[in-house]
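# Coordinate inspection notes
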Amino acid sequence: MRRAFTITIVGLVAGLVAVAGRASAADPRPEIALTIDKDQFQPAEVKVKANTPFTLVVTNKNAKAAEFESKDLRVEKVVPAGKTVNVLIRALKPGTYAFFDDFNKAATGKIVAE
Amino acid sequence: MGGTFVVTLREGFEAALILGIVYTYLQKIGAGRHYGYATRGGALGVLASVLLGLVVTALSGPLLDFGPDAIALGVIFLAVVVLTWHGYWMQQHARAVKGEVQRRIDEAQATHRLWIIGLIAFTGVFREGAETVLFLWGLLTQATSTSGFASALGAFLGLVAAAALGWAIFRGGQHISLQRFFALTSALLLLLAAGMFSTGIGRLEALGFLPQSSTAWDTSFILDDQGMVGSFLNGLIGYRARPSFIEVAAYVLYLAVAGSLMFRGNVSKPRPTTPEGKVPAHAT
């Protein structure tokens, strides 16, 4: 038992290190700016090329933290007040992917991949 | 006000659930004077949440891009490991305590496992903690206006409601028998851990470290996991309205592996560490 857990933990740590390594070595990819201002995302509709990974550069102009979240994309990312966060988005199949600010449900938007 | 109430209630729900179970567990095994392990774990979780909240606000660049994700993943998988470990252990002992007399587990034996309890309390609080801290912080900076104050009050009441829920679990837990409590919480923690595991795998998928899979089903029109009921089910058993195939596979795989690990014990011979070496009756 104990050994199995040790192996599991070692595996997880190795996995995380690999994650960090790959994340920092990410290829240059298209960057798309997205701003959270008051109760709105700008633009509220983001058009991207399908099947191409890209980076969403999310800037929070509000004085309070926001959380960029998308159930469709399985992304959850806190954007502190006045900060900019890069959110890596995988290659998307053509379609519409909704996102919102989990800290302020009034702010919503969508990504349209085509 | 209602909106912020729901956010903090939802964020605090999982922590309250886990703390409620953990304290009841300590009380049940007659280790009531070791509540400190759970309390310290929970308090460290709060401390770590505040620290991470501060650090995230100070960070920028790649550290802000990847740091929180790496920590979130670490906490999720750590929580899965300790919950599984504990569930396995609890299941072993559910057999040992089955009987007419609710025998207290040998305390010495229980004590050397107590740090696991502390760790469970820690991960339970820390998992959503930093997020909640940042959320509350943002609200407090705007609490000078009337609507801002109402929002902050709503958020505060949400946390109070979550704590009340945890307390209710603790109180309710007093009245059920030990082996039922063990059986119930083993099952509950198993589902909880399965949900977490699936979430962690989903994050890896979203980050591109696992191949992308399509959506397995969409039940958001029946029960959205953003709504009140849906988000509680999400916290409790990992309900998702639009999971990917990989997430579903992770959930099922975890349940199968951890479930068989935990419940397989029912047909195997008792472990030599069973108190008094008696052959315990089987628990379900």
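Attention in this report is confined to the structure presented alongside it. Since we're looking at a predicted model, the values are computed, not measured.

Below, the discussion takes up the environment of L52 of chain B. Residues and elements named next belong to chain B. As for its position among the elements, L52 is in helix α2 (residues 35-58). Note on L52: 23 C-beta atoms within 10 Å, which makes it buried. Distance in space between the C-alpha atoms of L52 and F126 is 9.4 Å, their sequence separation being 74 residues. Residues within four places of L52 in sequence aside, it is in contact with I71 and A130.

So, about the sheet that holds strand β3 (residues 45-48) of chain A. Residues and elements named next belong to chain A. With mixed pairing, five strands are arranged side by side in an open sheet as β3-β9-β8-β5-β6. Here the strands that pair on one side only, and so sit at the sheet edges, are β3 and β6 (75-79). Strand-to-strand twist across the sheet, computed as the mean angle between neighbouring axes with direction ignored, equals 20°. In this structure, strand β5 (residues 66-70) lies alongside strand β8 (residues 95-101), joined through two bridges in antiparallel fashion. Directly across from F68, in β8, lies its bridge partner D101.

It is worth spelling out unusual backbone geometry at this point. Residues and elements named next belong to chain A. Omega for the peptide link from Q42 to P43 comes to -5°, which places this bond in the cis form. Mapped onto the elements of the fold, P43 is located in the loop between β2 (40-42) and β3. Here K38, not a glycine, exhibits a phi torsion of approximately 55°, which is positive. Along the chain, K38 falls in the loop between β1 (31-37) and β2. Overall, the presence of 10 C-beta atoms within 10 Å leaves K38 in the exposed class. The residue R74 is not glycine, and still its phi comes out positive at about 60°. For R74, the location among the structural elements is in the loop between β5 and β6.

All names here are of chain A. Strand order in the open sheet formed by four strands is β2-β1-β4-β7, and the pairing between neighbours is mixed. Edge strands, defined here as strands with exactly one partner in the open sheet, are β2 and β7 (84-89). When the angles between neighbouring strand axes are averaged without regard to direction, this sheet yields 25°. Where β1 meets strand β4 (residues 54-60), six bridges bridge the pair, whose relative direction is parallel. Directly across from L34, in β4, lies its bridge partner V58.

Once that is clear, we can look at the interface of chain B and chain A. Much of the literature gives interface size as the accessible area that the parts lose upon coming together. Contact with chain B, which involves 36 residues of that partner, is made by 31 residues of chain A. Listed by contribution, the elements that provide at least two residues to the side of chain B that touches chain A are α1 (2-28), α2, α3 (62-96), α5 (114-141) and α7 (178-206) of chain B. Along the lines of polarity and charge, the residues of the side of chain B that touches chain A split into 19 nonpolar, 11 polar and six charged.

Conventions we followed
- Residues numbered from 1 in each chain as written.
- Chains lettered and ligands numbered in written order.
- Predicted model: local features only at pLDDT ≥ 70, side-chain atom pairs only at ≥ 80, totals over all residues.
- Helix = DSSP H or I, 4+ residues; strand = E, 2+ residues; numbered from the N terminus.
- Buried ≥ 20, exposed ≤ 12 C-beta atoms within 10 Å, placed from the backbone.
- Contact = placed C-beta atoms within 7 Å.
- Pairing = 2+ DSSP bridges.
- Axes fitted to C-alpha atoms, helices over the stretch in contact; angles between N-to-C directions.
- Nonpolar A, V, L, I, M, F, W, Y, C, P; charged D, E, K, R; others polar.

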